[in-house]
Structures are given as structure tokens and as C-alpha cells.
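If you want the building blocks of each chain, they are given just below.
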Amino acid sequence: MKYHVNAWGGDTEAFKKGFVKALELTFQSEHKSLLIRIGLLDNARGIMMDVLGEKFTKKLIKEKAIDFTLEGRRISINLEGDRTRRTAFRSGVIFCPWAAPDTLLDVIQDYR
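Each value, and the rule that gives it
Residues numbered from 1 in each chain as written. Predicted model: local features only at pLDDT ≥ 70, side-chain atom pairs only at ≥ 80, totals over all residues. Heavy atoms only, no water. pLDDT = per-residue confidence, 0-100. Helix = DSSP H or I, 4+ residues; strand = E, 2+ residues; numbered from the N terminus. Buried < 20%, exposed > 50% of the residue type's maximum accessible area, 1.4 Å probe, protein only. Arc of directions from axis to C-beta. Contact = heavy atoms within 4.5 Å. Core = buried A, V, L, I, M, F, W, Y, C linked by side-chain atoms within 4.5 Å. Pairing = 2+ DSSP bridges. Axes fitted to C-alpha atoms, helices over the stretch in contact; angles between N-to-C directions.

**Overview of the confidence of the model for the chain**
Model confidence for the chain is summarised by a mean pLDDT of 86, while 91% of its residues fall at 70 or above. No element of the chain has a lower mean pLDDT than helix 4 (residues 101–108), which averages 82, and none a higher one than helix 3 (residues 54–63), which averages 94.

Structure representation (C-alpha cells):
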């Protein structure tokens, strides 16, 4: 299932709305795994850091994956950029904020 947030540029509320929807879909999915796919890892700073928190975002950038329990349910969040691919993510929900057309095409064709 594809979900789209109609936003342009640096829109914190749109990122938050998209991330919350991605989490909801992740909790409903069989794999309980979320991939945040961005162009460059530097893009994880700024809005993403404002929404997810500096400590969480820095850990995600460094380790590329964080497993945790939220509301009694275990979930895995992975982070990949165009140049830093292939985390432990195998299947689940993919959230692509700020994705260029080439990145979106790559994600659509990613059948992990």
C-alpha cells in the first residue's frame, strides 16, 4: 500500500504526519519493520531530528537500525540513504521523506 503526504520543502508537520502514518502501518504489518529511506544521511538532521529527537536520530544515523518496544509492541526502524544501502531491513513499510524521483523509483523496485 502506498501513502502520500502532500507537502513541499521543509515541512515539519508533514514529516510528522507521514512518520506517524508509517508507524501505524508498521504496527499493522506482519514484519513490524520500518525503513526510512532518504537521499543523503545528512538529510536526517534538521526536521527529522526535530521530530524524532537528537539522541534518537544520531543513534539511527550511526547504527542504521534501532529496535525498541513501543506500547508493548516490538518494532525495528532502519535508515538507508542512496549511498548507504542494505541494512537488516528485509520487508515492511518504507517511508521516503524528501525523496528524489530516482530514489522513489529505486524504492518501488526494491522487493526485499
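From this point, the discussion proceeds with the structure in view.
**Points about helix 3**
Taken together, the buried positions of helix 3 are T57, L60 and I61. Take helix 3 and look down its axis: the buried residues cluster within an arc of 100 degrees, on one side only. The exposed set on the far side of helix 3, more than 90 degrees from its buried face, consists of K55 and K62. Buried positions along helix 3 lie against strand 1 (33–37), helix 2 (47–52), strand 2 (65–70) and strand 3 (73–80).

**Description of unusual backbone geometry**
The backbone of K32 sits at a positive phi, close to 55 degrees, despite the residue not being glycine. Looking at where K32 falls in the secondary structure, it is placed in the loop between helix 1 (12–28) and strand 1. Residues other than glycine seldom take positive phi values, yet K64 does so here, at roughly 65 degrees. By the element assignment, K64 lies in the loop between helix 3 and strand 2.

**Focus: the nonpolar core**
With 22 residues, the main nonpolar core has F19, L34, I36, M48 and L79 as its most contacted residues. Tallying contributions element by element places helix 1 first for this core, with 6 residues. Every residue in contact with L34, bar those within four places of it in the chain, is listed here: F19, A22, L23, T26, S76, I77, N78, F89, V93 and F95.

**Observations concerning the sheet that holds strand 1**
With respect to topology, 4 strands assemble into an open sheet ordered 2-3-1-4, the strand pairing being mixed. With partners counted over all chains shown, the strands left at the sheet margins are strand 2 and strand 4 (93–95), one partner each. Along the sheet, successive strands turn relative to each other by an average axial angle of 25 degrees, direction set aside. Across 3 bridges, strand 1 lies against strand 4 in parallel orientation. Residue pairing for strand 4: I36 is matched across the bridge by F95.

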